[in-house]
Structure formats: structure tokens, C-alpha cells
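Residue-level structural notes
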Amino acid sequence: KRMAGLPPKVQTQDIWEFDGSSIVTSVSSSGPSGDVQAMVLPNTDMKYVNDIKTMDEAMGDKRLFLLINPFWRNLDSWGFNLLAPNAQKIAQKNIFDRGFGNETYALNRLSVRGEICAALKAYPYDWQMFVFLEDEYYTNVEVPILLGSSKEEPTSKQFEELINELPEFKLSKNMRQMQRVMKKK
């Protein structure tokens, strides 16, 4: 019998020992509706594609099943496999058509105009766009500045347009650094 209020029992099981993939299962003390299962770092092998379908069906609509793989962005991740020529079609049906293509958390770092930028996606919110500005008083410290948000994954062009609107970024990063050095003299 399960007892409410107790911490969940978490178990990890390797799928294939050589590739780092695993199943992490959290069994809730409050009953099956609180159970969570995650497949961590599955690859594009047909074994995983079929296992995902089977596990998702077993979890049903009332329990959470997560796919955790930062390398899967979309169906293009599958490429072409001579041993499984229909892999993309099966992945579309077993994974993406089942709703697994929606990103729930992503943090992308990029450089735009020499500025360090970040795009953060945390479900259910839109992408949040940040640029980092060096702190005026502390060396090697940068402060994130929220530029805005985007429904779709933001592009470098979107970042550049928003950065160009801010007076703090009128000068390039190199010019701002030179300006600070000159002030100290």
C-alpha cells in the first residue's frame, strides 16, 4: 500500500550500457497517477523509436512520460539509415505525432554582434531572449538583460534587431571595453 506524503521511489535502469541511455522511473507514494517515467538519451535506432511508443502507451494519458535528449530537435535528427529506410516515417508516427516534438525546456547560447546571448524556453511560456552586459564595476561579471520573447525559437536576426535598439549596446563589446580602460587612465 502506498502512503501519501512520502517521497517517490526513483529507479534508474540502463537501456544499452554502451550509449548512456536509460530509463528513470519515479513511483509516487500517492498512487499511479503521480508516477513519472523518463527515457534519457535515446538515439535514433529503431529499438528506441518502438520502445518510446510502447512506453507512452503503457503510461497512458494520466501519467507523465518524458523524452530527454538535447540532440533531437526535429525529424531531421534522423537523417537516412540504410538498415531502417522508413525510420523517419516511423519516428514521425511514434514520436512527433504523439506530441513529443514540443520542447519543454531548452537553453540556447549564441553570439550575436560579439555579444553573448541566450534563448530560454520553459514550458508553457514563450522563448525568453537575453543578452549579457558586462558589469561596470566588477570584471568578468556579466548581467543578463531581458530583450523580449518569441513564440518560435528566436533567430540571430531577432536578437540583433533588439540589441540594436538598446543604448547600452550602441558601441560594440570591444569598444565598450576600450572605453572603460581609457576611463581608468
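To start, this report covers the structure provided alongside it. (Residues numbered from 1 in each chain as written. Predicted model: local features only at pLDDT ≥ 70, side-chain atom pairs only at ≥ 80, totals over all residues. Heavy atoms only, no water.)

1. So, the overall build of the protein
What counts, and what does not: The helix count covers DSSP runs of H or I at least four residues long, the strand count covers runs of E at least two residues long, and both are numbered beginning at the N terminus. Every radius of gyration here is taken over C-alpha atoms, with the globule rule written as 2.2 Å times N^0.38, N being the number of residues. Partly exposed describes any residue whose relative accessible area lies between the buried limit of under 20% and the exposed limit of over 50%, with all areas from a 1.4 Å probe on protein chains only and scaled to the type maximum. Contacts are assigned to residue pairs that have any heavy atoms within 4.5 Å of one another. All accessibility values rest on the Shrake-Rupley procedure with a 1.4 Å probe; residue burial counts only the protein chains present in the view. Only four residue types enter the tally: Lys and Arg on the positive side, Asp and Glu on the negative side; His and the chain ends are excluded. Charge coordinates come from a single atom per side chain, which is NZ of Lys, CZ of Arg, CG of Asp or CD of Glu.
What the protein contains, in helices and strands, is four helices and eight strands. Helices and strands appear in the protein in the N-to-C order β-β-β-α-β-α-β-β-β-β-α-α. Here the C-alpha radius of gyration of the protein, 22 Å, is well above what a compact globule of 185 residues would show, namely 16 Å. Expressed as lengths along the three principal axes of its C-alpha atoms, the size of the protein is roughly 70 × 50 × 30 Å. Within the protein, the fraction of its 185 residues that count as buried is 30%. At a minimum sequence separation of 6, the contacts of the protein that also span at least 24 residues come to 43%. About 12,600 Å² of surface is accessible on the protein, with carbon and sulfur atoms providing 55% of the total. Looking at the protein, you have 23 positive and 24 negative side-chain charges, and the mean spots of the two groups are 3 Å apart.

2. A closer look at a nonpolar patch on the surface
Rules: The patches reported here contain residues having more than 30% relative accessible area and no salt bridge. Joining distances are 9 Å for like charges and 5 Å for nonpolar side chains (Val, Leu, Ile, Met, Phe, Trp, Tyr). In the sections that follow, a salt bridge refers to a side-chain nitrogen of Lys or Arg positioned within 4 Å of a carboxyl oxygen of Asp or Glu.
Taken together, the side chains of Tyr137, Tyr138, Val141 and Val143 present a nonpolar region at the surface, about 450 Å² in accessible area. Mapped onto the elements of the fold, Val143 is located in strand 8 (residues 142–150).

3. Comments concerning the sheet that holds strand 1 (residues 9–14)
Note the cut-off: Strands qualify as paired when DSSP identifies two bridges or more between them. All axes are obtained by fitting lines to C-alpha atoms, using only the stretch in contact for helices, and the reported angles, taken between N-to-C directions, cover 0 to 180 degrees.
Strand order in the open sheet formed by four strands is 1-2-3-4, and the pairing between neighbours is mixed. Both edges of this open sheet fall to strand 1 and strand 4 (64–68), since each of them pairs with a single strand only. Within this sheet the neighbouring strands show an average axis-to-axis angle of 15°, counted without direction. Its contacts with the sheet place helix 1 (residues 46–59) against strand 2 (22–27), strand 3 (36–40) and strand 4, and it is angled at close to 175° to strand 3.

4. What to know about helix 2 (residues 87–94)
To keep it simple, the criterion reads: Of all possible arcs, the one meant is that of the directions from the helix axis to the C-beta atoms.
Restricting attention to buried positions, one finds in helix 2 the residues Ala87, Ala91 and Asn94. One face of helix 2 carries all of its buried residues, which in axial projection span an arc of 75°. Pointing more than 90 degrees away from the buried face of helix 2 are the exposed residues Lys89 and Lys93. Here the buried face of helix 2 lies against helix 1.

Geometric values such as these leave the question of function open.
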